[in-house]
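Single-letter residue listing:
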Amino acid sequence: MIQRLITVALLTIALPSLADERPNVILILTDDQGYGDIAALGNPVLRTPNMDKLHSESIRLTDYHVDPTCSPTRAALLTGRYSTRTGVWHTINGRSLMHGDEYTLAEYFKDNGYRTGMFGKWHLGSNAPLRPMDQGFEHCVWSPGGAVDQGGNYLGNDCFDDTYKVNEKWQKFPGYHTDVWYDQAMKFIEDTDTHGDEPFFVYLPTTAVHDPWNVDDEYAKPYLDAGVPPTMAKFYGMITNIDDNLGKLRRFLDDKGLAEDTILIYTTDNGTTAGWIDRKSDFKYFGAGMRGWKGSQYEGGHRVPFLMHWPAANMKDGRDVDLLLAHIDVIPTLGELCRHNPIAKDKLIRGPQDGRSFAWYILPIVPSDPPTKDRTLFVHVQRKYIPPKWDKSVAMTERWRLVNGKELYDITKDPGQENDIAVDHADVVEQLRADYEKWWTSLEPSFDDVVRFDLGGAENPTTLMSHDWFMKEGEGDSAWHHVYVQRNELRNGPFMVDVKKAGKYRITPMRWPEYVDKASGCVESDIKIEYEGAGVPINVERSGTPLDPAKRTDKSHGRIKLLYKGPAKLTCTFTREDGKTFGAYYVKIEYLGEE
């Protein structure tokens, strides 16, 4: 109580400056770095001096939760809504795509007079209307897919001297991927500094520590010398490189006089992948005493670090907040801290936000009364066409974790989730099951949603990639990784599209992306468009187009007239010389006009 009064007194002293200025905001989101992958949180091997320093100078959320995999976390973080509502519950198969009319954190800041920039991994849709530029970010240097060497990204990327998108155009960047993201973010901040009183919001979601686990030898060597297995040494080396960049960013903010009134957030997208690495070795990764890792419904899959530093509001001395919180709470919290105007209801086209602000607990001046701690939060690992009920799920309160609807753990006494005590607390199980049932019912309308790419919309021409084929249960996975393109995996699937303009189109299926000059080995291609809107009587097909297998496939397939606007399914198929078929990994579509 005394500590709380002291905190309030200090914050009251700070109020005049907070009333005069709106803080800048930098939100760092690393990929696959778990709670135990920071030295200050107990890791005995890692060297993270800059993260440790930030930890000692920040508000620290000790019970903060995300989704167990990356796309869902990104969707929830950016919207304040459970990811399933946004169309996202997988990382591939057309279920990693976030509805373009979701109201995002970037749009919220932009509507309140901020410049907005995004630097790093997106993984919520590579084409309009799902790109970061379509979702409120004014300037983007971005990696569209799930990892630098996965579909949606530039073929041949390997973390060094890669090619990324600068808004709509590919551009090659010298250097290491994490260095690029931080350097480009600082360049944007420096440019913003010339805009006078306009504050900035920077979203910095790194592609590290996701595989491929490539890093300069200088970063891996200290861990190899300490006896860490090779792949894990690279994993830890990548974290140390992130740490170096964090230090560089903080020095930059100090030098520019921006550190005092910048909210700096450091968090991660899911549990560690350390549990996946070198599993056959004797090395034991540090999981901070939690069960599970990335992709798990147990604590290690979704409880992650969250650090918030803001010197102007006296968030600089280090303090733990033990409240049960989640990614969905970030957008309402930042709205209060930055004194944004309330979000108008007409902005929330797809429905209200699920999160609640925790601003009072870190800056107890707004709202006047603290929000209740009585809540149940939910996490599920739903990497299927339609999420199965109860499967790999957890319902959480401050004390309890109900896993898969049947296992019960008292997290305050059993943080490692070793002792299932459901039989001793049937009343708790019953209540959490009821909470889950209500939540599940609210999600069910989302299962029928299909997120689509626009044809003839803001991005013209547009090139779709097989990562985003819409695959139903039993149809297998899309060709989501570049390795499937390189070895010509025999997979196929449709792109779900929305024809925005009726008229003439040029549709060009491609075996390789336009920038790769290789023969196709194909003798024929087929194009099929199936309209899905009610009352549309026909489909459009262009079958049997002959190809020279010794040449590229990206020649024009002529003009195809699409008579109708509306939702459709686009499938493009190649036939090889041996008669086997596969889907076009790349399809370029260009709207040519009405006639």
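Residues numbered from 1 in each chain as written. Predicted model: local features only at pLDDT ≥ 70, side-chain atom pairs only at ≥ 80, totals over all residues. Heavy atoms only, no water.

Trainee: Can you tell me about the packing of helix α6 (residues 217-225) against helix α7 (residues 230-255), naming the residues and giving the values?
Mentor: It is the contact of α6 with α7, at a shortest axis distance of 7 Å, that shows an interaxial angle of 130 degrees. Classified by the angle between their axes, α6 and α7 sit oblique to one another. The crossing of α6 and α7 is right-handed. Mapping the contact onto sequence places Tyr219, Ala220, Tyr223 and Leu224 in α6 and Pro230, Ala233, Lys234, Tyr236, Gly237, Thr240, Asn241 and Asp244 in α7. Taken together, the residues of the contact of α6 with α7 sort by class into seven nonpolar, three polar and two charged. (Axes fitted to C-alpha atoms, helices over the stretch in contact; angles between N-to-C directions. Helix = DSSP H or I, 4+ residues; strand = E, 2+ residues; numbered from the N terminus. Parallel < 35°, antiparallel > 145°, perpendicular 65-115°, else oblique. Left-handed = near helix turned anticlockwise from the far one by under 90°. Contact = heavy atoms within 4.5 Å. Nonpolar A, V, L, I, M, F, W, Y, C, P; charged D, E, K, R; others polar.)

Trainee: Tell me what's going on with the side chain of Gln150, and back it up with residues and numbers.
Mentor: Looking at where Gln150 falls in the secondary structure, it is placed in the loop between β5 (139-143) and β6 (163-166). Beyond its immediate chain neighbours, meaning those up to four positions away, Gln150 contacts His210, Trp480, His481 and His482.

Trainee: If you had to explain the packing of aromatic side chains to someone new, which residues and values would you point to?
Mentor: Here the structure, examined in full by the defined rule, presents 37 aromatic pairs. Ring centres 5.5 Å apart and planes at 55 degrees place the aromatic pair Phe119 and Phe188 in the tilted group. Of this pair, Phe119 sits in strand β4 (residues 115-121) while Phe188 sits in helix α5 (residues 177-192); the two residues are 69 residues apart in sequence, bridging distant segments of the chain. Each member of the pair, Phe119 as well as Phe188, carries the same accessibility label: buried. Of the aromatic side chains, those joined through ring pairs into one cluster are Tyr82, Trp89, Phe378, Trp390, Tyr436, Trp439, Trp440 and Phe447. Looking at Lys518, its charged tip hangs above the ring of Trp512, at a distance of 4.5 Å from the centre. (Phe/Tyr/Trp six-rings, centres within 6.5 Å; stacked < 30°, edge-to-face > 60°. Buried < 20%, exposed > 50% of the residue type's maximum accessible area, 1.4 Å probe, protein only. Lys NZ or Arg CZ within 6 Å of the ring centre and 35° of its normal.)

Trainee: How would you sum up the environment of Thr462? Please name residues and give values.
Mentor: Its place among the elements puts Thr462 in strand β18 (residues 462-465). Note: C-alpha distance between Thr462 and Lys588 (126 residues apart in sequence) is 5.7 Å. In contact with Thr462, not counting residues within four places along its chain, are Asn127, Asp454, Leu455, Val587, Lys588 and Ile589. Polar contacts involving the side chain of Thr462 include one to the side chain of Asn127, which spans 3.1 Å. (Polar contact = N/O pair within 3.5 Å; in protein donor to acceptor, adjacent residues only side chain to side chain.)

Trainee: Break down the confidence of the model for the protein chain for me, with residues and values.
Mentor: Per-residue pLDDT for the protein chain averages 92, and the proportion of residues at 70 or more is 93%. For the stretch residues 1-17, pLDDT sits under 50, and the model shows 16 contacts to residues farther than four places along the chain or on other chains. (pLDDT = per-residue confidence, 0-100.)

Trainee: Got a sec to walk through the sheet that holds strand β26 (residues 586-593)? Specific residues and values, please.
Mentor: Here four strands make up an open sheet; going across it, the order is β18-β26-β20-β23 and the pairing antiparallel. Of all strands in the sheet, those with a lone pairing partner are β18 and β23 (559-562), marking the two edges. Averaged over all adjacent pairs, the angle separating strand axes in this sheet is 30 degrees, with direction ignored. As paired strands, strand β20 (residues 503-510) and β26 are joined by seven bridges and run antiparallel to one another. The residue of β26 that forms the bridge with Tyr505 is Tyr591. (Pairing = 2+ DSSP bridges.)

Trainee: So what about the pairing of strand β9 (residues 262-268)? Which residues, and what values?
Mentor: Most of β9 sits out of view: seven of its seven residues are buried. Of the two faces of β9, both are covered, the one formed by Thr262, Leu264, Tyr266 and Thr268 as well as the one formed by Ile263, Ile265 and Thr267. Relative to β9, strand β1 (residues 24-30) runs parallel, the two being bridged by seven bridges. Across the sheet, Ile26 pairs through a bridge with Leu264, a residue of β9. Here four bridges tie β9 to strand β10 (residues 306-309), and the two strands are oriented antiparallel to one another. Following the sheet pairing, Ile265 is matched in β10 by Met308.

Trainee: Describe in detail the pattern of salt bridges, supporting the description with residues and values.
Mentor: As a working rule, side chains carrying opposite charge can pair if their charged atoms are close by. For the structure shown, the criterion picks out 35 salt bridges. For Arg60, the salt bridge identified is with Asp320, shortest N-O distance 2.6 Å. Residue Arg60 is located in strand β2 (residues 59-61), and its partner Asp320 is located in strand β11 (residues 319-321); the two are separated by 260 residues in the primary sequence. The exposure class assigned to Asp320 is partly exposed, which follows from its relative accessible area of 41%. With a closest N to O distance of 2.9 Å, Arg85 and Asp354 form a salt bridge. Of this pair, Arg85 sits in the loop between α3 (70-79) and α4 (105-111) while Asp354 is found in the loop between α9 (330-337) and α10 (359-362), placing the two residues 269 residues apart along the sequence. (Salt bridge = Lys/Arg side-chain N within 4 Å of Asp/Glu carboxyl O.)

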